[in-house]
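# Architecture at a glance
As a plain string of letters, each chain reads:
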Amino acid sequence: MTIEPSVETDDRDVHLAGDATWWRQAAVYQIYPRSFADADGDGIGDIAGITDRVPYLRDLGIDAVWLSPFYPSELADGGYDVADYRDVDPRLGTLADFDRMLRALHRVGIRVIVDIVPNHSSDRHEWFQAALAADPGSPERARYIFRDGRGPDGAEPPTDWESAFGGPAWERVADGQWYFHNFAVEQPDFDWSNREVREDFLTTLRFWSDRGVDGFRIDVAHMLTKDLTEPLPMRAELAEIPIDGRHPITDRDDVHEVYAEWRQVFDSYDPPRTAVAEAWVARDRRQRYASAEGLGQAFNFDLLEADFDAAQFRAIVADNIDLAESSGSSTTWVLSNHDVVRHATRYGLPDPDRAPDGRPTLKHGNEWLLSKGKSPRLDREQGLRRARAATLFVLGLPGSAYLYQGEELGLHEVVEIDGRDRQDPTYFRSPGVDIGRDGCRVPLPWTREGESFGFGAGGAHLPQPAWFGAASVEAEEEDPHSTLVLYRAALALRHELQSAEHLEWIETGDDDVLSFSRPGGWEIVTNFGDQSYDLRGAEVLIASAEIVGGSLPPAATAWIARME
Ligand code: GLC
């Protein structure tokens, strides 16, 4: 593998201005900066590491990158505990490094989306430190959610609510008050009824927009506003309250007032800045987040919850296309991200094992990995075959596709991480229940061998398994059948073929085979079953597995050109 010395000397100047609709059909690649590439050799990926790999990103053929948080953080939650929203973590670089990276990406036509974490800050944020130093009832405390406790001396938390990461959702401070944290203790929730909080986020959005950032991914977009009028309900009561827009803490209708204000900021730029909501909400409430008056687009996580199954895939696709149409947005497709078990691994688990607790499949949790110890009954080969097929299916759909770093290498979840090396608070806060999300956040392998497989000269902050070498960029670049080669070819072809037009389903006569056509004679055929499917002489443009004798093998997708 060769790393080109400097992309700044690249004289191609791609003008990104002017196109307000680029996000609608974009292939967006999620970078988890601390695990992407480490330029300064401190074991933690950094901004300069991303800049060094711009040629790699260009060759991959993506339209945009989304950077998970790179802000100053104590890393209590992998950077989603932000201590300063308008700076770069010194371990990852400086604002000047950020500007350099942004220019280098823009120069090769790649847009940049950054992550905004508005529900909570880090407990190291200067506002939270000021709140701790101030008195109960002070303006400093009013930016967060502080309450007195129950019981004669207030020693009981205000409610018995649980945090999303396990354990209690209230933490007591030195003077006896309690503060609310929906996630880790180090992630105090802001009080979004406070005008100062609202103004500060408008400042943050302008800060990054002024630097040239193209869009934002909004973390936990369905929380932010809360109605914590007393008396507060207890956990059992809270669970009974319908999530219909008036729930005390989640998916409240008034959160959209916040996003309407954000939209004014987005639209004050040319082209308007974009946003995509991470909102884990019911199907029929998702489009509020995607509306043009609000964030504009929302993640659809349905495929994360689905089996590799034709009927489930078809229903999800049809439903989401309808939903997007109703909001005027475009659909979003996600098979993997930094919060879930990589799709190559999910699809390699025997179906009955995937949901030991009866849930359709995992979301944040990967309890089944834990319950099966370090060697789950995992068919890695089958998982990867299916993952390649699912990806090629998704890349053929209208709408934007969000890809997660490492999936282009066909990486599996790293299950063999020792407890002492784990970092994810979900592992520590739910002993024995949730193994956490570290397994999809292991630093990427760039080379077959060598220190941290080319990630950096100073080792990797999460241990990489021996099999990473064979899945490295270097190894895959040399193998014409590798997943990296498949992604590059598919993304290049998608660039030529993709349009905003919807798909037409083609009835295949086989319940396990889905097929749809797109404009320009482009057809996508996916075989979810275990029998080969005859492609009837069609010209194959690209396939996720070898086509033998004109037949699409089991667990495979082909893009074909329709014979006129
Ligand atoms: C989102 C992020 C996740 C983080 C959580 C709290 O779900 O994707 O990684 O832990 O929010 O910020």
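Look up a bit, the structure's there.
Residues numbered from 1 in each chain as written. Predicted model: local features only at pLDDT ≥ 70, side-chain atom pairs only at ≥ 80, totals over all residues. Heavy atoms only, no water.

A few words now on the site of the ligand. Residues in close proximity to the ligand total 14 residues, the closest being Asp77, Asp219, Glu278, His338 and Asp339. One of the side-chain nitrogen or oxygen atoms of Asp219 is found 2.8 Å away from an oxygen atom of the ligand. Take Arg437: an N or O atom from its side chain is 3.0 Å from an oxygen atom of the ligand. Protein contacts shield 99% of the accessible area of the ligand, which totals 310 Å² for the unbound molecule. Each of two domains, domain 1 (22–118 + 196–493) and domain 2 (120–189), supplies a minimum of three residues to the shell around the ligand. (Near = heavy atom within 4 Å. Polar contact = N/O pair within 3.5 Å; in protein donor to acceptor, adjacent residues only side chain to side chain. Areas by Shrake-Rupley, 256 points an atom, 1.4 Å probe, with all protein chains shown as cover. Domains from an automatic or database assignment.)

In the contact formed by helix H13 (residues 380–395) and helix H16 (residues 483–497), the axes pass within 10 Å of each other and the chain directions differ by 10 degrees. The angle between H13 and H16 places the two elements in the roughly parallel class. From H13, Leu384, Arg388, Thr391, Leu392, Val394 and Leu395 reach across to H16, where they touch Thr483, Leu486, Tyr487, Ala490, Leu491 and Arg494. Counted by class, the contact of H13 with H16 contains eight nonpolar, two polar and two charged residues. (Axes fitted to C-alpha atoms, helices over the stretch in contact; angles between N-to-C directions. Helix = DSSP H or I, 4+ residues; strand = E, 2+ residues; numbered from the N terminus. Parallel < 35°, antiparallel > 145°, perpendicular 65-115°, else oblique. Contact = heavy atoms within 4.5 Å. Nonpolar A, V, L, I, M, F, W, Y, C, P; charged D, E, K, R; others polar.)

So, on to the sheet that holds strand S12 (residues 504–505). Ordered by their spatial adjacency, five strands build an open sheet running S12-S13-S14-S18-S16, and the pairing between neighbours is antiparallel. In this open sheet, the two edge strands, each paired with only one partner strand, are S12 and strand S16 (539–543). As judged from the four bridges shared by S16 and strand S18 (residues 556–561), these two strands associate in the antiparallel manner. Each residue of the ladder has a partner; that of Glu539, found in S18, is Ala561. Along the sheet, H13 contacts strand S13 (513–518), strand S14 (522–527), S16 and S18; its crossing angle with S18, the most-contacted strand, is approximately 35 degrees. Across the sheet, H16 is in contact with S14, S16 and S18; its angle to S16 comes to roughly 125 degrees. (Pairing = 2+ DSSP bridges.)

Along the chain, the position of Arg198 falls in helix H5 (residues 195–211). When the C-alpha positions of Arg198 and Arg143 are compared, they lie 9.9 Å apart, and in sequence the two are 55 residues distant. The contacts of Arg198, once residues within four sequence positions are left out, are Trp192, Ser193, Thr225, Glu257, Val258 and Glu261.

This brings us to the packing of aromatic side chains. Across all of its chains, the model carries 43 aromatic pairs by this definition. Aromatic side chains Phe70 and Trp208 sit 5.4 Å apart centroid to centroid with 85 degrees between the ring planes, which places their arrangement in the edge-to-face category. Of this pair, Phe70 sits in the loop between strand S2 (64–67) and helix H3 (95–107) while Trp208 sits in helix H5; the two residues are 138 residues apart in sequence, bridging distant segments of the chain. Trp208 carries the same exposure label as Phe70, and that label is buried. When the ring of Phe313 is compared with that of Phe393, the centres are 5.5 Å apart and the planes differ by 70 degrees; the resulting orientation is edge-to-face. A residue pair is termed long-range when its members are at least 10 positions apart, and Phe313 in helix H9 (residues 310–327) and Phe393 in helix H13 qualify at 80 residues. Against the face of Trp446 rests Arg53, its NZ or CZ located 4.1 Å from the ring centre. Over the face of the ring belonging to Phe146 we find Arg141, whose NZ or CZ atom lies 4.7 Å from the ring centre. (Phe/Tyr/Trp six-rings, centres within 6.5 Å; stacked < 30°, edge-to-face > 60°. Buried < 20%, exposed > 50% of the residue type's maximum accessible area, 1.4 Å probe, protein only. Lys NZ or Arg CZ within 6 Å of the ring centre and 35° of its normal.)

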